[in-house]
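These are the residues of each chain, in order.
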Amino acid sequence: MKLGGFGLLEDYQKISAAGYDFAELDVAEIEALSEKDFETLKRSVEKCRFPILTGARLLPFAEPLFFTEGFSPETLVPYLEKACSRAGILGIKKVIIGNGKARSLLKPEDRERESVFIESLRLMAKIAGENGMELILEPLGPKYSNYIQTIPEAVALIQKVNMPNLFVMADIRHMYWSNESFEDLVEYVSYIHHVHIDYPVSYPERGYPSIEDDYDYSEFLHALKRSGYQDTLTVEADIPKDWNAAYKQVMRVLGNILL
């Protein structure tokens, strides 16, 4: 299993120096760079040779979008083509669609318009695939979204979308807040292509896991181990003040079970 650190562009080399296997960076931040700044980033990645395997926050939207009146998936094409092209150039292999507010239902009857979100996922997966990437749908707990909150719900949706590069994520935080069984990690492992971990109990703060936490990570970690999952796992937590100390802290939690 490969362990990643989540951060912003300014954290890229700090994540590398701390000992992680890869970085998870913000796609929307990468898309917003000027051409000059993107070329600088590209050269830095080529020189450092430290992989950016996953891209968080595919879309830059923090307000309702998909279920708003008159929304058309095609309006996303210019952004997606630029964002996915840049992500592919940097070597990113997976881009994540979370965006809880953007995909939230505004009223109960919005579920009848699910076809719009399905078509949006199909479009995102298509453009991601053209750039050599998978699209990862992230289930989000009730504090973050009211739509697609568990792994089974995400799997049911991606089966409707029917794109070969669309998969699901498992995030300990959202499983915790959705009261989802960790046995879903085992049952749906063939669909799970990325995992997030942090200290799940606090909100909105996202702390680094610690063996001193008032939370037992072993049930989640042992279920993940039983599943046979061997892909990418990112510590998606608030940016630490000391990357080296944060890495050592999380390794004490994960090392004896997973790594």
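Above this note sits the structure.
So, here's what we can say about the structure. In this text, all values refer to a predicted model and were calculated from it rather than measured experimentally.

Reading the values: rules and limits
Residues numbered from 1 in each chain as written. Predicted model: local features only at pLDDT ≥ 70, side-chain atom pairs only at ≥ 80, totals over all residues. Heavy atoms only, no water. Phe/Tyr/Trp six-rings, centres within 6.5 Å; stacked < 30°, edge-to-face > 60°. Helix = DSSP H or I, 4+ residues; strand = E, 2+ residues; numbered from the N terminus. Buried < 20%, exposed > 50% of the residue type's maximum accessible area, 1.4 Å probe, protein only. Pairing = 2+ DSSP bridges. Axes fitted to C-alpha atoms, helices over the stretch in contact; angles between N-to-C directions. Contact = heavy atoms within 4.5 Å.

All right, on to the packing of aromatic side chains then. One pair of aromatic rings is described through two measures. These are the centre distance and the angle between the planes. Enumeration according to the criterion identifies 13 aromatic pairs in this entry. Pairing tyrosine 12 with phenylalanine 50 gives two aromatic rings, centres 5.8 Å apart and planes at 45°, and the pair type is tilted. Of this pair, tyrosine 12 sits in helix H1 (residues 12–18) while phenylalanine 50 sits in the loop between helix H3 (35–48) and strand E3 (52–56), and the two are 38 residues apart along the sequence. Judged by relative accessible area, which is 2%, tyrosine 12 ranks as buried. The exposure class of phenylalanine 50 is buried, given its relative accessible area of 6%. With a centroid separation of 5.4 Å and 80° between ring planes, the pair formed by phenylalanine 66 and phenylalanine 71 is classed as edge-to-face. By the ring-pair criterion, three or more aromatic residues cluster together here, those being Phe66, Phe67, Phe71, Phe117 and Tyr147.

Reading around the barrel, the 8 strands line up as E1-E2-E3-E4-E5-E6-E7-E8 and close back on themselves, with parallel pairing between neighbours. Here the average twist between neighbouring strands, direction ignored, is 30°. Where helix H6 (residues 114–130) meets the sheet, it contacts strand E4 (94–97) and strand E5 (134–137), and its direction lies at approximately 145° from that of E5. Each of strand E1 (2–6), strand E7 (192–197) and strand E8 (232–235) is contacted by helix H11 (residues 243–254), which is oriented at about 140° to E1, the strand it contacts most.

Such coordinate-based values are descriptive only and should not be taken to indicate function.
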